[in-house]
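Analysis of the macromolecular model
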Amino acid sequence: MAVMTYREALNQALREELRRDERVFVIGEEVGLYDGAYKVTQGLLKEFGAKRIVDTPIAESGFTGVGIGAAMVGLRPVVEMMTFNFALVALDQIVNAAAKLSYMSGGQFNVPIVIRGPGGPAHQLAAQHSQSMEVYFYHVPGLKVVRPSTPADAKGLLKSAIRDDNPVVFIESETLYGIKGEVPDDPDFTIPLGQAVVRREGRDVTVIAYTGMLYRALEAAEALEKEGISVEIVDPRTLRPMDVPTIIGSVRKTHRVVVAEAGAGFAGMGSEISAFITEQAFDDLDAPVERVTGANAPMPYAKNLERAKTPSKEKIMAAVRRVCYANGS
Amino acid sequence: MAVTRVVMPKLSEAMESGKVIKWIKKEGDRVQGGDVLAEIETDKADVEMEAFGSGVLRKILVPAGERAEVGGLIAVIADANEDVSSVVGGAPARAAGAPPAPSPGEAGAPSRADERAPAAPKMPQREEFVTRTAPPPEAAVAPAEAPAPAVPSVDGERVKASPLARKIAAQAGVDLRLIQGSGPGGRVIRRDVEAAATGAARPALEAVPAPPAPARPAAPAAVAAAPAVEYEDVALSSMRAMIARRMPLSKAPVPHFYVTTEVAMDRAWELREQLNAMEGSPKISVNDFVIRACAIALLQHPNVNASFQGETVRVWHRAHIGIAVALDEGLITPVLRDAHAKSLGRIAVEARDLAERARARKLRAQEMSGATFSVSNLGMFGVTEFSAIINPPEGAILAVGAVRRIPVADEAGQLSVGRRMAMTLSCDHRVMDGAMGARFLADVKRLLEEPLRLVV
């Protein structure tokens, strides 16, 4: 196992898959000559050439459509969004073409495409570039949606996404590109889509969180341990298909749930998780499921307001105490 | 809670009255919406009548064998302490010409005789629901004249309680209305029920100060030294509660049948001793042989490695084997995944690890579910043979007895001493039939009797 950054792990996944399967190619803005806006595609043009690492104009709808067409005739494109907020321009291609062509052609066409790039809030990217874009995609039948939280997951899940025969929306995190972690070297290392992982075992409450919120939840768990509250943390990793059994198993163990997500709460991931927990584990709940979410507002540019909008370790701790009926609440 | 009037349903266009063939629920039984209350005879067919409300079946107004007009009141469902006199006191719904209600012969409920007489409705007495929430009748200890406990606000108000608290209270026979909730707005939560069930405050979170529990008399110091105490109600551990909840969900709805065989274990025993004598190899138990044999046989008999799904039967292509592990407080079944793809040694190592962590309560949630088949072995207790209850949604479970040394006769009638082991397969008849179970069992037996097949 080598220690590397999340960015390097993604780069390694791309490189290995490009070597393994000549049908794989990368397309997007500045993925070639510039080595990627966030350097995820560093060195790929040099190794694989301009035929497989394709720079495009600023035209998300166009190059996403090129990718979908290529996928329909047998290639396995990896489309980079410089940030996932730009995928809004390509929404029709993703939602109405990629997600539906297999269904509408009676299975005659598969669309084995990966659309990847960073999403979610970072630092002072303001209203248009801070959105948790997964919510726009996991509603759509036909799409798989992945949000990796660690370098090893970034690599293992991206490789599975590229090998998957369905369109996969793979949303990385700008704030996690620099984090380091152990990553298996085995070129056959993959992590199956649709498998959650228990990041931390605990007795009293289950906190469900991914990407940046996962790290806030881990910090909250450390602090709550000192208060005698034992927190279990589940990282879904793939949001669709969601690993419902792992989450329900944890709820049956702890009986209390907090879902933390960076985006706004209304019809967010927490709403869906809360709904299936109520449907499947109602009699195991000792408290209502609590959601810790971003405030219902566009992301402000000002640092202090950005902080106020974003869920924090403290907000997660407060929610955990409430569902545990601690501190007399 | 509301009082639910149970009326004779209109089950066909032409139906004007119906006859109660049989009451499935007795007075005093707790019912939930959807429970079958009674069987009704119409002009066309016998139909099961379901309850539309939840509570206690307080009063049956039309006994079995009698008729009532469509829309006529035939029973009342309400909370145990609800005053139903105004409802019951109304006109009885029996069809004209029916004799006055005799005491229903099949009813064995511990209801009070005076409650049966519609003419003399009484205000509900508190001991009624104390009696009902006591352990079931076979305990035969609930004194009818139990003194009324202090009851905080019971009059028809819905008790606020978390779903988990409700479930635990129902299992432990604790009346939620007797508990002071410590959650927001007086919500009864798990720790309140646990404290009530054990008669002492027991905070769920050690470092969090629990709210003051209602003062209760201390439990008798030693039961043995107190001859006045005839019995003791032990609160269910969560594991015991889980077993109590799950097993009837198997035994009642799943039609079990059983197939038993005896295996000559002489060669397996010898092979095991050889393997265990090898330096550096993991210690292998008889049960590991059984698991390995089952895993191989399951892939050859997919209809045994299968789950009933209502409209379909799910046939598993991998053998995830649940291994029953006895604990002091109950039983747990960790799952050895992909057993078909694992060597005997690997199975031995993993099975031992699972059992040890099960005993230490260190299993992960995902290690306790997902089995496609289970093995339960009581050989270590000297049990010769037994039959096990299927763990749904699995389709079968193998119950394994001890390896015994017994006299056996060979083909020529010559007596010798051999090692024999009995195995009983419990099968879900919705998934498989006797011959399928028997063929599977024969293959498991053959694998164990020719144990080299287990190591190649």
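These numbers come from a predicted model, not from an experiment. (Residues numbered from 1 in each chain as written. Chains lettered and ligands numbered in written order. Predicted model: local features only at pLDDT ≥ 70, side-chain atom pairs only at ≥ 80, totals over all residues.)

A few points about the overall build of chain B
What counts is decided by this rule: Note on conventions: DSSP H or I runs of at least 4 residues are helices, E runs of at least 2 residues are strands, and numbering of each starts at the N terminus. Residue burial here comes from a neighbour count, namely the number of other C-beta atoms, placed from the backbone, that lie within 10 Å of the residue's own C-beta, with 20 or more meaning buried, 12 or fewer meaning exposed, and in between meaning partly exposed. Here the contact rule is simple: place C-beta atoms from the backbone, and any two residues whose C-beta atoms are within 7 Å are in contact.
Secondary structure assignment for chain B yields ten helices and 18 strands. The buried share of chain B, reckoned over its 456 residues, is 34%. Across chain B, the fraction of contacts at a sequence separation of at least 24, relative to all contacts at a separation of at least 6, is 63%.

Things to note about the sheet that holds strand β7 (residues 168-173) of chain A
Residues and elements named next belong to chain A. Under the convention used in this document: Strand pairing requires that DSSP identify at least two bridges connecting the strands. A fitted line through C-alpha atoms represents every axis, and for helices the fit uses only the stretch in contact; the resulting angles, taken between N-to-C directions, go from 0 to 180 degrees.
Sheet architecture is open: seven strands sit in the order β3-β2-β4-β5-β7-β6-β12, paired in mixed fashion. Two strands bound the open sheet, and with one partner strand each, they are β3 (53-55) and β12 (238-240). The sheet shows a mean angle of 20° between the axes of neighbouring strands, taken without regard to direction. Looking at chain direction, strand β5 (residues 114-119) and β7 are connected through six bridges and run parallel. What sits directly across from Gly-119, in β7, is Ser-173. Contacts between helix α3 (residues 60-72) and the sheet are confined to β2 (24-28), β4 (76-80) and β5, with β4 contributing the most and set at about 165° to the helix.

Regarding the confidence of the model for chain B
Residues and elements named next belong to chain B. Spelled out, the test is: Summary of the metric used: pLDDT quantifies the predictor's per-residue confidence within the range 0 to 100.
The share of residues in chain B with pLDDT of 70 or more is 76%, and the mean pLDDT across the chain is 78. The low-confidence segment residues 91-155, where pLDDT is below 50, has 85 contacts with residues more than four positions distant or belonging to other chains. Here residues 200-226 is a poorly scored stretch, pLDDT under 50, and it has 32 contacts once near neighbours within four places are set aside; other chains count. The complex model carries a pTM of 0.52, and its ipTM stands at 0.73.

A look at the sheet that holds strand β1 (residues 4-7) of chain B
Residues and elements named next belong to chain B. One open sheet accounts for four strands, arranged β1-β8-β6-β3; its pairing is antiparallel. Edge strands, defined here as strands with exactly one partner in the open sheet, are β1 and β3 (30-31). Here strand β6 (residues 55-60) pairs with strand β8 (residues 73-78) via four bridges, running antiparallel. Bridge pairing links Val-56 to Ala-78 in β8.

Points about the interface of chain B and chain A
Rules: Gly is placed with the polar residues, together with every amino acid not listed as nonpolar (Ala, Val, Leu, Ile, Met, Phe, Trp, Tyr, Cys and Pro) or charged (Asp, Glu, Lys and Arg).
In this complex, chain B contributes 18 residues to the contact, which on the side of chain A involves 21 residues. Sort the elements by how many residues they give to the side of chain B that touches chain A and helix α4 (residues 163-172) of chain B lands first, with four residues. Of the residues belonging to the side of chain B that touches chain A, the class tally is nine nonpolar, five polar and four charged.

With respect to the pairing of strand β17 (residues 396-409) of chain B
Residue and element names in this part refer to chain B. When strand β16 (residues 373-377) meets β17, the two strands line up parallel, connected through four bridges. Its bridge partner being in β17, Asn-377 is matched across the sheet by Val-400. Sheet topology note: the β17/strand β18 (residues 415-428) ladder contains twelve bridges and is antiparallel. Within the sheet, the bridge partner assigned to Val-408 lies in β18 and is Ser-416. As consecutive antiparallel partners, β17 and β18 are separated by five residues, and within that stretch Gly-413 has a phi angle of approximately 85°, a positive value.

Let's talk about helix α1 (residues 6-20) of chain A
Residue and element names in this part refer to chain A. Here is the rule: Every helix has an expected span of 1.5 Å times one less than the residues it contains.
Between the first and last C-alpha of α1 there are 21 Å, a value that for 15 residues agrees with the 21 Å anticipated at 1.5 Å per step. Among the 15 residues that make up α1, twelve are buried, leaving the element largely enclosed by the rest of the structure. Listed as buried for α1 are Tyr-6, Arg-7, Glu-8, Ala-9, Leu-10, Asn-11, Gln-12, Ala-13, Leu-14, Glu-16, Glu-17 and Leu-18.

Focus on the nonpolar core
As a rule of thumb, soluble globular proteins bury nonpolar side chains together. To be explicit about the condition: Think of a nonpolar core as buried Ala, Val, Leu, Ile, Met, Phe, Trp, Tyr and Cys residues, each tied to the set through C-beta atoms within 7 Å. Either an automatic procedure or a domain database provided the assignment from which the domain bounds are taken.
Among the nonpolar cores identified, the biggest contains 111 residues, and Val-207, Ala-217, Val-258, Ile-316 and Val-320 of chain A are the most heavily contacted of them. Taken together, domain 1 (2-183) and domain 2 (197-323) of chain A each give at least three residues to this core, which thus spans both. Beyond its immediate sequence surroundings of up to four residues, Val-320 of chain A is in contact with Val-205, Val-207, Ala-220, Leu-224, Ile-229, Val-231 and Val-258 of chain A. The next biggest cluster of nonpolar side chains, apart from the first, holds 56 residues, and it includes Val-263, Val-431, Phe-440 and Leu-447 of chain B.

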